[in-house]
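Coordinate analysis (summary)
Given next are the chains, with one letter for each unit.
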Amino acid sequence: MPKLPARPPFKVTLGIAAAVLLAGTAGAIAAGGMGHGGPRGPMLRALDTNDDGRIERAEFDAPHKAALAEADANGNGMLELAEAETYMAARKRMRREAYFKRLDSDGDGSLSEAEMRKISDRRFSRLDADGDGELTVGDIGGRRKHRRHMRR
Ligand SMILES: [Ca+2]
Ligand SMILES: [Ca+2]
Ligand SMILES: [Ca+2]
């Protein structure tokens, strides 16, 4: 019988899966989204595990495999609907929590008016294309041509 290289069991990648989950990497890729940082930045650096500045196919696939391993609660190597739902719900919750923590700059577990004000400040300045402190049809219309975030 020809000796084939043994397929690494999914369990091996569970540690990576946890790290990837925390970084939000696998989900971002799986969803086809690149986040606000664009296709570069922390996400790609996280993928480049051998640090050579390129994402090899194996590096690209690793988070997907890891995500499957993480989501495959009964360990049968397949993703059932219930497993996928649980996994995605958990990811969503983590993302919301991370977002909340980012906004909660004093870390007291609640958002004050000043902290919430930062959200609207940020949205406003994104929309205010010419930076004059007012939103005009020109700001918003002009922006829409170049940016996709208006769809959100
Ligand atoms: Ca690499
Ligand atoms: Ca399964
Ligand atoms: Ca706070």
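Residues numbered from 1 in each chain as written. Chains lettered and ligands numbered in written order. Predicted model: local features only at pLDDT ≥ 70, side-chain atom pairs only at ≥ 80, totals over all residues.

1. Looking at the overall build of the protein
Definition in use: Counting from the N terminus, the helices are DSSP H or I runs at least four residues long and the strands are E runs at least two residues long. Field definition: a residue is buried when 20 or more other C-beta atoms are found within 10 Å of its C-beta, exposed when 12 or fewer are, and partly exposed for counts in between, with C-beta atoms placed from the backbone. Distance between backbone-placed C-beta atoms decides contact: two residues are in contact if it is within 7 Å.
Regarding its fold elements, the protein presents 7 helices and 0 strands. Beginning at the N terminus, the succession of helices and strands in the protein can be written as α-α-α-α-α-α-α. Considering the protein as a whole, with its 152 residues, one finds that 12% of them fall into the buried category. Within the protein, counting contacts between residues at least 6 apart in sequence, those at least 24 apart form 39% of the total.

2. Some thoughts on helix α4 (residues 57-71)
Rule in force here: How far a helix is expected to stretch is found by multiplying one less than its residue total by 1.5 Å.
Compared with an ideal rise of 1.5 Å per residue, which puts 15 residues at 21 Å, α4 spans 21 Å between its outermost C-alpha atoms and is within 8% of the ideal. Turning to α4, its buried residues number three or more, namely Ala62, Pro63, Ala66, Ala67, Leu68, Ala69, Glu70 and Ala71.

3. Regarding the nonpolar core
Our working definition: We define the nonpolar core as any set of buried residues of the types Ala, Val, Leu, Ile, Met, Phe, Trp, Tyr and Cys, connected via C-beta atoms lying within 7 Å of each other.
Counting 7 residues, the largest nonpolar core is built from Ala62, Ala66, Ala67, Leu68, Ala69, Ala71 and Tyr87. The element best represented in this core is α4, accounting for 6 residues.

4. What about the confidence of the model for the protein?
Caution applies to low-pLDDT regions: their predicted coordinates should not be interpreted in detail. Rule in force here: Residue-level confidence of the predictor is what pLDDT reports, using numbers from 0 through 100.
Put simply, the protein has an average pLDDT of 77, and 66% of its residues get 70 or more. When the elements of the protein are averaged for pLDDT, helix α1 (residues 14-23) gives the smallest value, 47, and helix α5 (residues 81-103) the largest, 95. Across residues 8-18 the pLDDT falls below 50, and counting only partners more than four positions away or on other chains, this stretch makes 16 contacts in the model. Taken together, the stretch residues 29-38 has pLDDT below 50 and engages in 10 contacts with residues farther than four places along the chain or on a different chain.

5. Observations concerning helix α6 (residues 113-127)
Over its 15 residues, α6 extends 21 Å from the first C-alpha to the last, a length consistent with the 21 Å expected when each residue adds 1.5 Å. A small share of α6 lies buried, amounting to 0 of its 15 residues.

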